[in-house]
Amino acid sequence: MSTQNREYKDRVFKFIFGNPNNKQWTLDLYNAINGSSYSDPEAIEFNTIEDAVYVGMINDASFIITLELNIWEHQSTYNPNMPLRILIYVAKLYEKYIAKNRLYLYSSMLKKIPRPKCVCFYNGKQEQPEKKILRLSDAYEGAGDVEVNVTMLNINYGRNQKIMETCKALHEYSWLVNEIRQSPSGNLETAIDKAIEKMPRDFVIRNFIMGHRAEVKGMFLTEWDQEEALAQERIEGREEGKQFAKRSIYERLVADGMPAQKASIITGWNINNTVLGE
């Protein structure tokens, strides 16, 4: 499947659940993962960071409801660095909140702010548990005073059934992704078209997907292009790492007095090999 420059940048997950026009589905998903029963979608106030220049990256969805700041991220590739990314998002979101509400932080009175709740929705191919807590402190070299906890939920088809049953839109999105991945077609565009056409008529997201078919298709193509690119980068990175390690050990052995030929046999590094980066 060829990699192309796509004009569609958002992910389908964000297009469905981070869309101000779909607040009911956002609320349904919020209730499903929190065990709550809020009924007014207008209680949701989106404040998603949309400007990449502002923070250097764009987050998928964030909103305030009942003095709770929700930061949602979708990942099709497992990323243990999500807590650090969300720390950056949270800082910028609070910065915007403070400016909007004109909070004076040098006041002798405590200023109340919405409590943060961070969730990562994962539907990658790598096997992951239904629920996992990612912690910023796991990245520290030693102890630290700042902690960020991110709840990673596996939303692959067949996982987290209770949440799926409570949020019909999430179940249907998960079904759609699974249909595309399981398609016997070797052509991604064909697989997407067939999966969309196959969507049952009672799916609540069907009309929305059909009405934005070209956009949704473009988003899926972009997501899969990115997945393939990242996978290729990891493969190339591992190979470069192996070659770099061989060369480093070879040079250390030779520096310690070992004959070059013997060091070459032991490490598998030939002095005539192309030096990395050249």
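Residues numbered from 1 in each chain as written. Predicted model: local features only at pLDDT ≥ 70, side-chain atom pairs only at ≥ 80, totals over all residues. Heavy atoms only, no water.

Visitor: Can you explain the confidence of the model for the chain? Please cite residues and give values.
Guide: Taken over all residues, the pLDDT of the chain has a mean of 85, while the share at 70 or more is 84%. Ignoring residues within four places in sequence, the model shows residues 229-237, a span with pLDDT below 50, making 2 contacts including any to other chains. When the criterion is pLDDT under 50, residues 274-278 qualifies, and its contacts beyond four places in sequence or with other chains add up to 6 contacts. (pLDDT = per-residue confidence, 0-100. Contact = heavy atoms within 4.5 Å.)

Visitor: Describe the sheet that holds strand β1 (residues 45-46), with residues and values.
Guide: A sheet is described by the order of its strands in space; here 6 strands give the open sequence β1-β2-β3-β4-β6-β5, paired in mixed fashion. A single partner strand is all that each edge strand has here, and the edge strands are β1 and β5 (131-135). Helix-sheet contacts for helix α2 (residues 23-34) involve β1, β2 (61-65), β3 (68-75), β4 (115-122) and β6 (149-154), and the interaxial angle to β3 is about 95 degrees. (Pairing = 2+ DSSP bridges. Helix = DSSP H or I, 4+ residues; strand = E, 2+ residues; numbered from the N terminus. Axes fitted to C-alpha atoms, helices over the stretch in contact; angles between N-to-C directions.)

Visitor: Lay out the pairing of β2 with the relevant residues and their values.
Guide: For β2, a buried count of 5 out of 5 residues is recorded, marking the element as mostly surrounded by other parts of the structure. Residues of β2 alternate between two faces, with A61, F63 and I65 on one and S62 and I64 on the opposite face, all of them buried. Pairing analysis gives 5 bridges linking β2 to β3, with the strands arranged antiparallel. Within β3, the position partnered with I64 by the bridge is L69. Here β2 folds back onto β3 in antiparallel fashion, the turn holding 2 residues, of which T66 has a positive phi close to 50 degrees. (Buried < 20%, exposed > 50% of the residue type's maximum accessible area, 1.4 Å probe, protein only.)

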